[in-house]
Amino acid sequence: HPLNVVLNLKRSGVTDTVTLLCGLMHDHIEEQVDLYKKEKDMDEDSLESKKILDEYELVVVAEFEKSLFNFCENEKVDCSVVGKIIETLKLLTRLKRDYYYKSISYIFACQDPVTRERAIQIKLADRIHNIQSIECFDERGRLYQCFKNLFIINSAKQFLLESYGAKVFDWQYGAKAKSTERLFTRCSKSTYEAFLLICKTTTRKGICDV
């Protein structure tokens, strides 16, 4: 999955090294917290567990930031890249106390325009691969994946309009299309195809309400 996210970014014209690195590591912090939760056999729904897990996330972020600094110093890499990576990963990591859509809203509300667009690009690339792997989910999960994408797509559309104007969606835009717009278009198409597949599958099974 992380490699597919990076491939989706590169195929859409993203060349920024920090963005590609964050795409590769976008799930790292959250997965460390999930592993800790599993090891401790914690109930994520309890308020006490959420508090403990969110505190543990801060520990994971601090340790990861330290390891990145050490790597950059050892490899003679500009250490300023570490702050950019950490800030982006924080935006992409859902706190356990937040429900999914609230965590996504933080990305689009970010005050730093560079970090905001970087996180949006990675989230779109992430959702493209998730929705293209929709057969991995049960029927309820498939619908949920589509609705998550719709929320992100609508927010991304608003971002593009505010950032680049209405012409960003004109077919004549062509080669001038921004990487974010390309990712938006691919995510929209993939989501539409997945939703059509769900409708066909459920209709065949007699679940016509879908």
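Nothing here was measured: the structure is a model prediction, and the numbers come from that model. In this convention, every chain numbers its residues from 1, walking through the sequence in written order. Local features in a predicted model are, by the rule used here, given only for residues with pLDDT of at least 70; side-chain atom pairs are given and counted only at 80 or more, and totals for whole chains, interfaces and linings are based on all residues. Side-chain figures throughout are based on the complete set of non-hydrogen atoms in the structure, without hydrogens or water.

A. Representation of the side chain of Asn-149. Secondary structure elements are defined from DSSP: runs of H or I of at least 4 residues count as helices, runs of E of at least 2 residues count as strands, and each element is numbered from the N terminus. Residue placement: Asn-149 occurs in helix H8 (residues 139-164). A relative accessible area of 0% means that Asn-149 is categorised as buried. Leave out the neighbours within four places in its chain, and Asn-149 touches Arg-127, Ile-131, Cys-187 and Thr-191. Each residue is placed in one exposure class: buried if its accessible area under a 1.4 Å probe, protein chains only, is under 20% of its type's maximum, exposed if it is over 50%, and partly exposed if it falls in between. Two residues form a contact once any of their heavy atoms are found within 4.5 Å.

B. The nonpolar core, seen in detail. Here, nonpolar core means buried Ala, Val, Leu, Ile, Met, Phe, Trp, Tyr and Cys residues that are tied together by side-chain atoms lying within 4.5 Å of each other. Within the largest apolar cluster, 40 residues are counted, with the highest numbers of intra-cluster contacts made by Leu-9, Ile-85, Leu-89, Ile-107, Leu-124 and Leu-183. When residues of this core are assigned to their parent elements, the largest contribution, seven residues, is made by helix H5 (residues 80-92). Leu-124 has contacts with Ile-152, Ala-156, Thr-180, Leu-183, Phe-184 and Cys-187, leaving out every residue within four places of it along the chain. Listed in part, the five residues of the second largest apolar core include Ile-131, Ile-134, Ala-194 and Ile-198.

C. Representation of the packing of helix H6 (residues 100-109) against helix H7 (residues 113-132) within the structure. Lines fitted to C-alpha atoms define the axes here, with helix axes fitted over just the stretch in contact, and angles between the N-to-C directions of these axes take values from 0 to 180 degrees. Packing of H6 against H7 brings their axes to within 8 Å, and their N-to-C directions diverge by 140 degrees. As far as their axial angle goes, H7 and H6 are oblique. Contacts between H6 and H7 involve Tyr-100, Ile-104, Ile-107 and Phe-108 from the former and Arg-116, Ala-119, Ile-120, Lys-123 and Arg-127 from the latter. Ten residues, namely Ala, Val, Leu, Ile, Met, Phe, Trp, Tyr, Cys and Pro, are considered nonpolar, four, namely Asp, Glu, Lys and Arg, are considered charged, and the remaining ones, Gly among them, are considered polar. Residues of the contact of H6 with H7, tallied by class, amount to six nonpolar, no polar and three charged. Between 65 and 115 degrees an angle is taken as roughly perpendicular, under 35 as roughly parallel, over 145 as roughly antiparallel, and anywhere else as oblique.

D. How the structure looks around the packing of aromatic side chains. Pairing of aromatic rings covers Phe, Tyr and Trp, the last through its six-membered ring, and needs centres within 6.5 Å; plane angles under 30 degrees mean stacked, over 60 mean edge-to-face, and all others mean tilted. Considering all chains together, one arrives at four aromatic pairs under this definition. Between Tyr-36 and Tyr-56, the aromatic rings sit 3.9 Å apart at their centres with planes inclined by 15 degrees, giving stacked as the arrangement. Note that Tyr-36 is positioned in helix H3 (residues 28-39) and Tyr-56 in helix H4 (residues 47-74), a separation of 20 residues in sequence. Judged by its relative accessible area of 24%, Tyr-56 falls in the partly exposed class. A centroid spacing of 4.9 Å and a plane angle of 65 degrees characterise the contact between Tyr-101 and Phe-151, whose relative ring orientation is edge-to-face. Placement of Tyr-101 in helix H6 and of Phe-151 in helix H8 is noted, with a sequence separation of 50 residues between them. Exposure remark for Tyr-101: the relative accessible area of 25% places this residue in the partly exposed category. Every member of this aromatic cluster is reached through a ring pair, and the members are Tyr-100, Tyr-101 and Phe-151. Criterion for a charge above a ring: Lys NZ or Arg CZ within 6 Å of the ring centre, and within 35 degrees of the ring normal. The cationic tip of Lys-148 hangs over the ring face of Tyr-100; the distance from NZ or CZ to the ring centre is 4.4 Å.

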